[in-house]
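Inside the fold
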Amino acid sequence: MVWLQGAGCTGCSVSVLNAVSPRIQNLLLDELVPGQQLNLIFHATVMAGQGEPVIKVLKDTEKNRKGGYILVVEGAIPTAEGGLYGSIGERGGEHVTVQQSVEELGRNALLTISLGTCAAYGGIPAAKPNPTLCKGVKTIFNERGIETLVVNVPGCPVHPEWFTGTISVILFSGVEALDLDGLARPKFIYGQLIHENCPRRADFDKGKFAQVLGDPGCLYKLGCKGHYTYADCPLRQWNNGVSWCVKAGSPCLGCVEPEFPDGTSPIYEKITFEDLR
Amino acid sequence: MSKKIKIDPITRIEGHMAVEAVIDNGVVKEAKSAGTLFRGFEIILQGRDPRDANRLTQRICGVCPTAHATASAFCIDEAFGLTDKIPDNAKLIRALILGSNFLQSHILHFYHLAALDYVDAVGVVGDLAPFVPRYEGDYRVSGKENAELVNHYLKALDIRRKCQEMLSIFGGKMPHSVGIVPGGVTERPAEDKITNFLWRLNEIRDFVDNTYIPDVIAVAKAYSDYFEIGKGCKRLLAYGGFDLPTGRLFKAGVISPDLQLEPMASENITEDVKHSWYADSDSGKNPSRGNTKPELKKKGAYSFIKSPRYKGEVCELGPLARMVSNYVQADGQTKELVDSLLGQFNADVNVLYSVLGRHAARALEAKLVADAMVDWLQALKPDEPVIVESQIPETAEGAGLTEAPRGSVGHWMTVKDKKIERYQVITPTAWNASPKDDKGQPGAVEQAIIGTKVKDKDNPFELVRIVRAFDPCLACSVHLLDVKGSELGVFRVV
């Protein structure tokens, strides 16, 4: 596995470090499922090495392991000014742009996982006016005719189990077993609305709405986007099941959706289905 | 003989950064530090609902989002006229959320970002990626002691995760928590939550006291020459942080190289852009008036980071600055912690200005914060309010200054027609990893590298150890040019 970081905040990496079962130690050191071990050969935040040897690892992987590695992309791809707004290392004295690396490694990967909303759809770096012309990985692949399968696992950040769960499907049952929706997301994660499983759903049905943050009741009038956001946060919860946005009294931000953040803001204002059309 | 060395990227830091230096006879003569990723947050924020800044600016950094949530909340509180109305419960819960993230960030930094420069992981787990490739030749701890440190590397992964879980009790989730909002916080301090938090905190405190601090001391004993390496600019700055009903945990101040204290006033902060890829017309401005206009082809520029300066001077920010600021202001607990550490090495406060000093200050700070959090928890009042209501003003200005794990962070905003007109953020890494300013003064990391002896050109441990000790929020490249800046005798070190 090669893990590249583009225009992002490292939040998805930090979130994956929060994985509970398997833990990150298991991901790094153990057979994740019997007979199958991940080999994280490049990840800028955790790897021991630096400089040219690690950049060489990227080139060697792309050349020598065609179709034998998974590319994980975290962060959006800046494309303005030939990609100069984001670079990872140098080759022959020239900056290697994020876009260049993602294209080169993407072309020869078994599949590419766009981890987090930035990599999947552009996310906050691509928000208006999108100063660096950031794009999601799938858009880049489509433009460049790269046919490698892209699996979108959005979220700002991604939930650690959305990552480990997707990997589990691949290791247990193979890439073809990934059941994806029209936005290339695994259905087992993004198949239901937040609203469908929300513990405050009964309040919505009874018309009991919170008027200010911190109140009990449905958060719809305070800007909750759970009625059009597809994710399993209410079932899975976050941080080892301690809490999640709505449980903590905050409206759902719709952070997994392609429209995030422009189409899901103002964050604390009610957005109706009419607004969305 | 003068040489050029390139290290690009420096890993095990957050983000994308480059440093370029000139070496002569094995000693660094000049250095350049550069950020190589630009996202344009300040531009993206323009025209949005001011409250949204509080959610969006967290996404600047997934390692320390809560510091941005805090700075942004302070900034919006001020613009909305709420600063004096924030309930005590909200102040305490905001501090508990930020404190939890200090602990996760400091533990992550020492064990998972910095330690692999000192600890021989390969000696325990074998030639396994991502522990290879790496620099070779200067791992000084071996045998049982090394195995124990590697074991603590693994245990620390659990502990830092538990810091995030503790944070989520009041913060909802991590990274990118939701609990801190303009006017206060969203979660009430129910008794069961307080107890739940306390016992998670106690496990983390036990780790800080009995594992983290002893491990930093063990590394310091094996690498004691690093008390002499990476001295830096010696001018320290702290905005101050953890605003509690009873006062502040971290005291604001500007500390001169001879340990004289000057009060901190944010109007003395300016940002130069002569060597940054931004329009020169914005150079030298206070952030409340600053703009961010990229100019990629600008001559002489080498970074996306601006050069923040205080009264025109270069400053270092972070745990070292905060601990020395508290120390010279005679904060009892800080003095006790620092004096006890210095006693073990029979040294004075000057040794703190070093690679090891920065690691030690960070570890002691973790203890200071973790112990204080117990008091904050006990001051919570379950039946009292956590938030005040607010309206978005037509026009307003606000500033929010606080402390992030890696140093002071400031947000500045103007509101017009109920929308964000201008938003400026100065991160601690902008100060520490800044390029040269308009006067040509190198930034703090650049100064810490200059004068360093590089023992082994093929494994320049010194450089990466210096850079990482600052806990920068970026990925790095270090170039060493010959003394006249030409590229004679170029060879690769990495």
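Rules behind the numbers
- Residues numbered from 1 in each chain as written.
- Chains lettered and ligands numbered in written order.
- Predicted model: local features only at pLDDT ≥ 70, side-chain atom pairs only at ≥ 80, totals over all residues.
- Helix = DSSP H or I, 4+ residues; strand = E, 2+ residues; numbered from the N terminus.
- Rg over C-alpha atoms; globule rule 2.2 N^0.38 Å.
- Buried ≥ 20, exposed ≤ 12 C-beta atoms within 10 Å, placed from the backbone.
- Contact = placed C-beta atoms within 7 Å.
- Pairing = 2+ DSSP bridges.
- Axes fitted to C-alpha atoms, helices over the stretch in contact; angles between N-to-C directions.
- Nonpolar A, V, L, I, M, F, W, Y, C, P; charged D, E, K, R; others polar.
- Parallel < 35°, antiparallel > 145°, perpendicular 65-115°, else oblique.
- Left-handed = near helix turned anticlockwise from the far one by under 90°.
- pLDDT = per-residue confidence, 0-100.
- Expected span 1.5 Å × (residues − 1).
- Arc of directions from axis to C-beta.
- Domains from an automatic or database assignment.
- Bend = angle between axes of the 7 residues up to and from the residue.

**Topic: the overall build of chain B**
- The helix and strand tally for chain B stands at 13 helices and 17 strands.
- For 494 residues, the compact-globule estimate of 2.2 N^0.38 gives 23 Å, and the C-alpha radius of gyration of chain B, at 22 Å, lies within 12% of that figure.
- Dimensions of chain B, computed from the C-alpha atoms along their principal axes, are close to 65 × 55 × 45 Å.
- Burial analysis of chain B (494 residues in total) assigns 63% to the buried set.
- In chain B, of all internal contacts separated by at least 6 residues, the share reaching a separation of at least 24 is 75%.

**Considering the overall build of chain A**
- When you go through chain A residue by residue, the secondary structure sums to 12 helices and 11 strands.
- Here the C-alpha radius of gyration of chain A, 19 Å, is about what a compact globule of 277 residues would show, namely 19 Å.
- Long-range contacts, defined here as pairs at least 24 residues apart, represent 69% of the contacts in chain A between residues at least 6 apart.

**Brief notes about the sheet that holds strand β16 (residues 419–426) of chain B**
Residue and element names in this part refer to chain B.
- Taken together, the three strands give an open sheet; going across it, the order is β14-β15-β16, and neighbouring strands pair in antiparallel fashion. Sheet topology places β14 (396–404) and β16 at the edges, where each strand pairs with a single neighbour. Between one strand axis and the next, the sheet turns through 15° on average, direction left out of account.
- Pairing between strand β15 (residues 407–416) and β16: seven bridges, direction antiparallel. Within the sheet, the bridge partner assigned to M413 lies in β16 and is Y423.
- Contacting β14 and β15, helix α3 (residues 65–79) runs over the sheet at an angle of about 150° to β14.

**A look at the interface of chain A and chain B**
- Counting residues at the interface gives 63 residues for chain A and 67 residues for chain B.
- Across the side of chain A that touches chain B, the residue classes break down as 37 nonpolar, 22 polar and four charged.

**Thoughts on the packing of helix α9 (residues 332–345) of chain B against helix α10 (residues 355–379) of chain B**
Residues and elements named next belong to chain B.
- At their nearest, the axes of α9 and α10 sit 10 Å apart, and the two run at 140° to each other. It follows that α9 is oblique to α10 by the angle criterion. With respect to the hand of their crossing, α9 and α10 are arranged in right-handed fashion. Across the interface between the two elements, Q333, T334, L337, V338 and L341 of α9 pack against A360, L364, K367 and L368 of α10.
- For the contact of α9 with α10, a count of residues per class yields six nonpolar, two polar and one charged.

**As for the environment of L222 of chain A**
All names here are of chain A.
- Within the secondary structure, L222 is located in the loop between α10 (201–206) and α11 (233–236).
- Counting along the chain gives 29 residues from L222 to L193, while the straight-line C-alpha distance between them is 18 Å.
- With near-sequence residues (within four places) excluded, L222 lies in contact with A210, L213, P251 and Y268.

**Some remarks on the confidence of the model for chain B**
Residue and element names in this part refer to chain B.
- When pLDDT is averaged across chain B, the result is 91; 94% of the residues are at 70 or more.
- Predicted confidence is poor over residues 475–494, with pLDDT under 50, and the contacts of this stretch with residues over four places away or in other chains come to 80 contacts.
- Model confidence for the complex is summarised by a pTM of 0.95, with the ipTM given as 0.96.

**Digging into the sheet that holds strand β11 (residues 261–262) of chain B**
Residue and element names in this part refer to chain B.
- Taken in spatial order, the three strands of this open sheet run β7-β10-β11, and their pairing is antiparallel. Strand pairing shows two members of the sheet lacking a second neighbour, β7 (236–238) and β11, which therefore form its edges.
- The pairing of β7 with strand β10 (residues 253–255) spans three bridges and is classified as antiparallel. In the strand pairing of β10, L236 is matched with I255.

**Observations concerning α9 of chain B**
All names here are of chain B.
- Compared with an ideal rise of 1.5 Å per residue, which puts 14 residues at 20 Å, α9 spans 20 Å between its outermost C-alpha atoms and is within 8% of the ideal.
- Those residues of α9 that fall on the buried side of the exposure criterion are T334, L337, V338 and L341. Seen along its axis, α9 keeps its buried residues to an arc of 90°; they face one direction. Every exposed residue of α9 that faces more than 90 degrees away from the buried side is listed here: G332, E336, D339, S340 and G343.
- Buried residues in α9 make contact with α8 (319–328) and α10.
- Directly after α9, the chain includes N346, whose backbone phi takes a positive value near 50°.

**Things to note about the domain arrangement of chain A**
Residue and element names in this part refer to chain A.
- Per the domain assignment, the segments making up chain A are domain 1 (2–188) and domain 2 (192–277).
- A C-alpha centroid distance of 28 Å is found between domain 1 and domain 2.
- Across the contact, 14 residues belong to domain 1 and 10 residues belong to domain 2.
- Grouping the constituent residues of the side of domain 1 that touches domain 2 by class yields seven nonpolar, five polar and two charged.

**Considerations on helix α6 (residues 143–171) of chain B**
Residues and elements named next belong to chain B.
- The end-to-end C-alpha distance of α6 is 41 Å, a good match for the 42 Å that 29 residues give at a rise of 1.5 Å each.
- Where α6 bends most, the angle comes to about 25°, and this point is K155.
- Of the residues one or two after α6, G172 is the one with positive phi, at around 90°.

**So, the pairing of strand β8 (residues 94–97) of chain A**
Residues and elements named next belong to chain A.
- Taken together, the three bridges between strand β7 (residues 87–91) and β8 define a ladder with antiparallel strand orientation. In the strand pairing of β8, E90 is matched with H95.
- Remark: two residues form the turn of the hairpin made by β7 and β8, two consecutive strands paired antiparallel; G92 in that turn has positive phi of roughly 55°.

**Description of unusual backbone geometry**
- C156 of chain A connects to P157 of chain A through a cis peptide bond whose omega is 0°.
- Looking at the secondary structure, you find P157 of chain A in the loop between β11 (149–153) and α7 (160–173).
- Backbone torsion omega between M174 of chain B and P175 of chain B reads -5°, so that peptide bond is classified as cis.
- Relative to the assigned elements, P175 of chain B resides in the loop between α6 and β5 (180–181).

**Focus: the packing of helix α4 (residues 98–107) of chain A against helix α6 (residues 137–144) of chain A**
All names here are of chain A.
- At a minimum axis distance of 11 Å, the contact between α4 and α6 shows a crossing angle of 70°. As the angle between them shows, α4 and α6 are arranged roughly perpendicular. On the side of α4, the interface is formed by Q99, V102, E103 and G106, while α6 contributes V137, I140, F141 and R144.
- Here the contact of α4 with α6 is composed, by residue class, of four nonpolar, two polar and two charged.

**Section: the environment of P65 of chain B**
- With respect to the element layout, P65 of chain B can be found in helix α3.
- Under the C-beta neighbour-count criterion, P65 of chain B is labelled buried, with 26 such atoms within 10 Å.
- Between the alpha carbons of P65 of chain B and M174 of chain B there is a distance of 8.7 Å; along the sequence they are 109 residues apart.
- Not counting chain neighbours up to four residues away, the residues in contact with P65 of chain B comprise G11 of chain A together with Q58, P175, H176 and S177 of chain B.

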